[in-house]
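Spelled out, the chains give:
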Amino acid sequence: MKIGIIGAGNIGGNLTRRLTTLGHRVAVANSRGPETLTALVEETGATPVTVAEAARDAEVVVVTIPLKNVPDLPSGLFDGAAEGFVVIDTGNYYPKERDGRIAAIEDEGLTESRWTEGHLGHPVIKAFNGTYAEDLLTRPRPAGDPERLALPVAGDDDSAKKAVRNLIDELGFDTVDAGGIDDSWRQQPNTPVYGLRAGTDAVTTALAEASPTRTEEFRA
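Computed from a predicted structure; not experimentally measured.

### Quick notes on the overall build of the chain
Check the secondary structure of the chain and you find eight helices and eight strands. Computed over the C-alpha atoms, the radius of gyration of the chain is 16 Å, within 12% of the 17 Å expected from 2.2 N^0.38 for a compact globule of 220 residues. On the principal axes, the C-alpha backbone points of the chain span a range of 45 × 40 × 30 Å. The buried share among the 220 residues of the chain stands at 52%. Restricting the contact set of the chain to residue pairs at least 6 apart, pairs at least 24 apart contribute 68%.

Here it is as structure tokens:
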């Protein structure tokens, strides 16, 4: 597939490494410009692009940037994307550490991904937000392996969610359907599943045990 990755930090960089290894054509962008991606490009063979070019012809677009930067993404970001393209949102709200106060999340109760979706103008699938970046490189396992980790995946579009779950399976991880985007609070920071390294049964249990109340640590 043609995959565009916006953000070349820990998750974006390691997804670039894995997805190119699997044979996907990856275009990667960051906020500083393609000329700053030389090392990652030489390592992976990915194509360095500007953020505005990242979604061109892409069947999957991964948005993996700080939440506070989502409103600054260029308008028309997805104008050249492939028909039926899917957007993966890996974002988390860290109001005290990084993002500042976002009223729609704090006061209106929007989930992080619903807020992101509104700014992007396109439905998203929430995945990888509680995944340790190093696990993408070191913890893939074949299907059926008792040590295979499972990742929660939330989204409203069943077809898009299936495409993302298939991609995660290809990466070497199981998935658990975490519901729609309005249910994605179950995998936000400081919930039982966030950062959980476990299989499908434990991930399913952790999602069920989550509380919709955002803890003080993750409020501005």
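### Side note on the packing of aromatic side chains
Under the defined criterion, the tally for this structure stands at two aromatic pairs. Ring plane angle 35° and centroid distance 5.2 Å describe the contact between F78 and F85, whose orientation is recorded as tilted. By relative accessible area, which is 11% here, F78 ends up buried. Relative to F218, the ring of Y94 lies with its centre 6.1 Å away and its plane at 50°, an arrangement referred to as tilted. Here the residue Y94 occupies a position in the loop between β5 (86-89) and α3 (95-99), and F218 occupies one in the segment after α8 (200-208), the gap between them amounting to 124 residues. By relative accessible area, Y94 is classed as buried at 17%. Look at F218 and you get buried, because its relative accessible area is 8%. Stacked on the ring of Y132, the Lys or Arg R197 has its end atom at 4.0 Å from the ring centre.

### Some points on the side chain of Q187
Mapped onto the elements of the fold, Q187 is located in the loop between β8 (174-177) and α8. Among the polar contacts made by the side chain of Q187, one reaches the main-chain carbonyl oxygen of K126 at a distance of 3.5 Å.

### Quick look at the side chain of T16
Secondary-structure assignment places T16 in helix α1 (residues 10-21). Setting aside chain neighbours within four positions, we find T16 in contact with I5, V26, V28, L40, T44 and A46.

### Here's the deal with the sheet that holds β5
In spatial order, the strands read β3-β2-β1-β4-β5-β6-β7-β8; together these eight strands make up an open sheet with mixed pairing. Strands at the two margins of the open sheet, each flanked by one partner only, are β3 (47-48) and β8. Direction of pairing for strand β1 (residues 2-6) relative to strand β4 (residues 60-63): parallel, over a ladder of four bridges. Its bridge partner lying in β4, I5 is registered against V62. Of the strands in this sheet, β4, β5 and β6 (125-126) touch helix α5 (residues 112-120), which is tilted by about 135° from β5. Each of β7 (150-155) and β8 is contacted by α8, which is oriented at about 30° to β8, the strand it contacts most.

### Some points on the pattern of salt bridges
Opposite charge on two side chains permits pairing when their charged atoms draw close. Counted under the stated rule, the structure contains 15 salt bridges. Salt-bridge contacts for E106 lead to R219; the nearest nitrogen and oxygen are separated by 3.3 Å. Here E106, found in helix α4 (residues 103-106), pairs with R219, found in the segment after α8; they are 113 residues apart in sequence, far enough to count as distant. Note that R114 is salt-bridged to D156, the shortest N-O span being 3.0 Å. Residue R114 is found in helix α5, and its partner D156 is found in the loop between β7 and α7 (158-171); the two are separated by 42 residues along the sequence. What makes D156 partly exposed here is its relative accessible area of 45%. Shared partners join several salt bridges into a network, and the residues in it are R114, E117, D156 and D182.

Calculation rules
- Residues numbered from 1 in each chain as written.
- Predicted model: local features only at pLDDT ≥ 70, side-chain atom pairs only at ≥ 80, totals over all residues.
- Heavy atoms only, no water.
- Helix = DSSP H or I, 4+ residues; strand = E, 2+ residues; numbered from the N terminus.
- Rg over C-alpha atoms; globule rule 2.2 N^0.38 Å.
- Buried < 20%, exposed > 50% of the residue type's maximum accessible area, 1.4 Å probe, protein only.
- Contact = heavy atoms within 4.5 Å.
- Phe/Tyr/Trp six-rings, centres within 6.5 Å; stacked < 30°, edge-to-face > 60°.
- Lys NZ or Arg CZ within 6 Å of the ring centre and 35° of its normal.
- Polar contact = N/O pair within 3.5 Å; in protein donor to acceptor, adjacent residues only side chain to side chain.
- Pairing = 2+ DSSP bridges.
- Axes fitted to C-alpha atoms, helices over the stretch in contact; angles between N-to-C directions.
- Salt bridge = Lys/Arg side-chain N within 4 Å of Asp/Glu carboxyl O.

Functional significance is not addressed by these values, which are geometric in nature.
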